[in-house]
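Observations on the three-dimensional arrangement
The primary structure of each chain is shown beneath.
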Amino acid sequence: AVVSTQSTGLRTAKIRPACLQVESHPHLPNLELLEYCKREDITFVAYSPLTSPGRRPGQASILENELVREIAERHNASPAQILIRYQIDKGNGVIVKSVTPSRITENLAVTDFSLSPGEVSQLSAISKSLPGGPSSGRYFTFPNFRNHPRHPFLDEK
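Just so it is clear, the model here is predicted, and its values are computed rather than measured.

With respect to the pairing of strand β2 (residues 43-47)
Of all five residues that make up β2, four are buried, and the element is covered over most of its length. In this structure, strand β1 (residues 19-23) lies alongside β2, joined through five bridges in parallel fashion. Bridge pairing links Cys19 to Thr43 in β2. Assessed by its sense of winding, the connection that carries the chain from β1 through helix α2 (residues 31-39) to β2 is right-handed. Judged from the three bridges that link them, β2 and strand β3 (residues 93-95) form a sheet pairing that is parallel. What sits directly across from Ala46, in β3, is Val94.

Examining the packing of helix α3 (residues 66-74) against helix α6 (residues 117-124)
Contact geometry of α3 with α6 gives a least axis separation of 10 Å together with a crossing angle of 160°. Here α3 is positioned roughly antiparallel relative to α6, judged by the angle of their axes. Relative to α6, α3 is oriented so that their crossing is left-handed. When α3 is examined against α6, the residues Leu67, Val68, Ile71 and Arg74 are found in contact with a partner set consisting of Glu119, Gln122 and Leu123. Taken together, the residues of the contact of α3 with α6 break down into four nonpolar, one polar and two charged.

Focus on the nonpolar core
One finds Val68, Ile82, Leu115 and Leu123 to be the most contacted residues of the largest nonpolar core, which totals 19 residues. Considering each element in turn, this core owes the most residues, five residues, to helix α4 (residues 79-89). If you look at the next biggest cluster of nonpolar residues, it comprises ten residues, including Leu10, Val22, Tyr36 and Cys37.

Concerning α2
What α2 keeps buried is the set Leu33, Leu34, Tyr36 and Cys37. Along the long axis of α2, the arc covered by the buried residues comes to 160°, so they all point the same way. Turned more than 90 degrees away from the buried face of α2, the exposed residues are Glu32 and Arg39. Asp41 sits one or two residues past α2 and shows a positive phi near 60°.

How each quantity is defined
Residues numbered from 1 in each chain as written. Predicted model: local features only at pLDDT ≥ 70, side-chain atom pairs only at ≥ 80, totals over all residues. Heavy atoms only, no water. Buried < 20%, exposed > 50% of the residue type's maximum accessible area, 1.4 Å probe, protein only. Helix = DSSP H or I, 4+ residues; strand = E, 2+ residues; numbered from the N terminus. Pairing = 2+ DSSP bridges. Right-handed = clockwise from strand over helix to strand, strands pointing away. Axes fitted to C-alpha atoms, helices over the stretch in contact; angles between N-to-C directions. Parallel < 35°, antiparallel > 145°, perpendicular 65-115°, else oblique. Left-handed = near helix turned anticlockwise from the far one by under 90°. Contact = heavy atoms within 4.5 Å. Nonpolar A, V, L, I, M, F, W, Y, C, P; charged D, E, K, R; others polar. Core = buried A, V, L, I, M, F, W, Y, C linked by side-chain atoms within 4.5 Å. Arc of directions from axis to C-beta.

As structure tokens, then:
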């Protein structure tokens with residue numbers, strides 16, 4: 001549904017979009033939408049790449065994920081740095097929110113290593129193991145817009 005919503009928007013837009021900001025992280029990698037953006041030459045910009053710790057009670061934090069921690073240890077990096085680098089190595093722009101100076105500095109220190117294609121694939125596969133399926137990894141659902149005819153998540157529970 002998200003890709004068809006974007007296709008409709010692209011066909012009807014008077015000004016072609018240069019980028020698309022999308023929630024993206026290993027719980028919700030949005031791979032189909034990423035491929036669509038590549039085909040249409042639209043820059044995919046990932047927001048909330050660290051998920052949103054504490055936003056949804058009971059939802060597992062990707063920062064605590066065993067695979068993310070193993071990859072972080074392998075690269076002598078933090079789990080947050082791995083999640084940021086994951087977006088960069090997929091060719092995405094990435095927006096990270098922080099107000100803590102030490103975290104801002106840490107978040108920027110992701111240029112001295114890269115993830116292997118295998119590590120990127122492993123991280124992308126995390127969403128397949130979520131109990132509710134890949135779309136259950138969405139943290140931002142925009143409930144105030146659920147009645148809009150082009151709301152992209154109408155088919156999600």
